[in-house]
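The chain contents come next:
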Amino acid sequence: MSVLPILKAGNPLLRQHAEPVDPSSIGSAEIRRLIDEMFETMAAARGQGLAAPQVGVLKRIIVVRLFSSTGDEDGPAEESYTDRVLINPQIKLLEEARQGSWEGCLSLPGLAGFVERPRKIRLSFLDEKGRPHDETVRGYEAVVYQHECDHLDGVLYIDRLADSRLFGFDEDLDTKALRALVSGR
Ligand code: NI
């Protein structure tokens, strides 16, 4: 296993459509190795999601690491997370209502942009064992899944900026000032 190089925006592979995975190949050594290496790569880059095209593999596979803060009276909040594999994911929009949030991407390091996306989706996919899942997702998780699924269709978050001014380098990003500027306040 090894950490794979992550392609950066500008590489045409990030703009291509990824092919569905043949369900009968899901348990194969090749697919298992790819998934393991995607997790290792995502963890090394401290990412919350990684799609196979970002490591140059045009297959419909994404891995996500969903963080949640847990804590109780016995101690301070401790960061915990859930790792998931989604193969051949499909998204159906359940609500027109949108939510906006600042997104980043391992293929655009050091940058962030404000994107508005549907806040409630139906997500269906196969997991790493080939088992089908069908679930309703909302909020932060819905953003992560939509961002990663976009990669499978050659779409980057910069294609979906709510306003091209709501974008910039993390180190200089003043999100409040930019939002105020754009809304004319
Ligand atoms: Ni991304």
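Residues numbered from 1 in each chain as written. Predicted model: local features only at pLDDT ≥ 70, side-chain atom pairs only at ≥ 80, totals over all residues. Heavy atoms only, no water.

Asks: Can you tell me about the overall build of the protein, naming the residues and giving the values?
Replies: Across its full length, the protein holds three helices and eight strands. Going from N to C terminus, the protein has its helices and strands arranged as α-β-β-β-β-β-β-β-α-β-α. Here the protein has a C-alpha radius of gyration of 17 Å; the compact-globule value for 185 residues is 16 Å, and the two agree. Along the longest, intermediate and shortest principal axes, the C-alpha atoms of the protein span 55 × 50 × 35 Å. For the protein, restricting intrachain contacts to residue pairs at least 6 apart in sequence, the fraction spanning at least 24 positions comes to 64%. Carbon and sulfur atoms provide 48% of the accessible area of the protein, an area that totals close to 10300 Å². The distance from the centre of the 23 positive side-chain charges to the centre of the 30 negative ones in the protein is 5 Å. (Helix = DSSP H or I, 4+ residues; strand = E, 2+ residues; numbered from the N terminus. Rg over C-alpha atoms; globule rule 2.2 N^0.38 Å. Contact = heavy atoms within 4.5 Å. Areas by Shrake-Rupley, 256 points an atom, 1.4 Å probe, with all protein chains shown as cover. Lys, Arg positive; Asp, Glu negative; His and termini not counted. Charge placed at Lys NZ, Arg CZ, Asp CG, Glu CD.)

Asks: Tell me what's going on with unusual backbone geometry, and back it up with residues and numbers.
Replies: Even without being a glycine, R46 presents a positive backbone phi close to 55°. With respect to the helices and strands, R46 occurs in the loop between α1 (29-44) and β1 (49-51). Residue classification places R46 among the exposed residues on the basis of a relative accessible area of 76%. In the Ramachandran plot, N88 falls in the positive-phi region, its phi being about 50° despite a non-glycine side chain. Within the secondary structure, N88 is located in strand β3 (residues 75-93). (Buried < 20%, exposed > 50% of the residue type's maximum accessible area, 1.4 Å probe, protein only.)

Asks: Break down the packing of aromatic side chains for me, citing the residues and quoting the values.
Replies: In total, this model carries two aromatic pairs according to the counting rule given. One residue, R179, lies across the ring of F114, its end atom 4.1 Å from the ring centre. (Phe/Tyr/Trp six-rings, centres within 6.5 Å; stacked < 30°, edge-to-face > 60°. Lys NZ or Arg CZ within 6 Å of the ring centre and 35° of its normal.)

Asks: Please provide a residue-by-residue account of α1, values included.
Replies: Here α1 spans 22 Å end to end across 16 residues, near enough to the 22 Å set by a 1.5 Å rise per residue. Phi turns positive, to about 55°, at R46, one or two residues after α1. (Expected span 1.5 Å × (residues − 1).)

Asks: An account of the nonpolar core is requested, with residue identities and associated values reported.
Replies: By size, the foremost hydrophobic cluster in this structure holds 19 residues, and its most contacted members are I35, M38, L50, I61, V63, V85 and I87. Among the elements of the structure, α1, β2 (61-72) and β3 are those that each provide at least two residues to this core. Ranked by the residues each element gives to this core, the list is headed by α1, at six residues. The contact partners of I61, leaving out residues within four places of it in the chain, are V21, I31, L34, I35, M38, L50, A51, A52, V85, L86, I87 and L152. Counting residues in each nonpolar core, the second largest holds 15 residues, with A18, V64, V137 and Y145 among its members. (Core = buried A, V, L, I, M, F, W, Y, C linked by side-chain atoms within 4.5 Å.)

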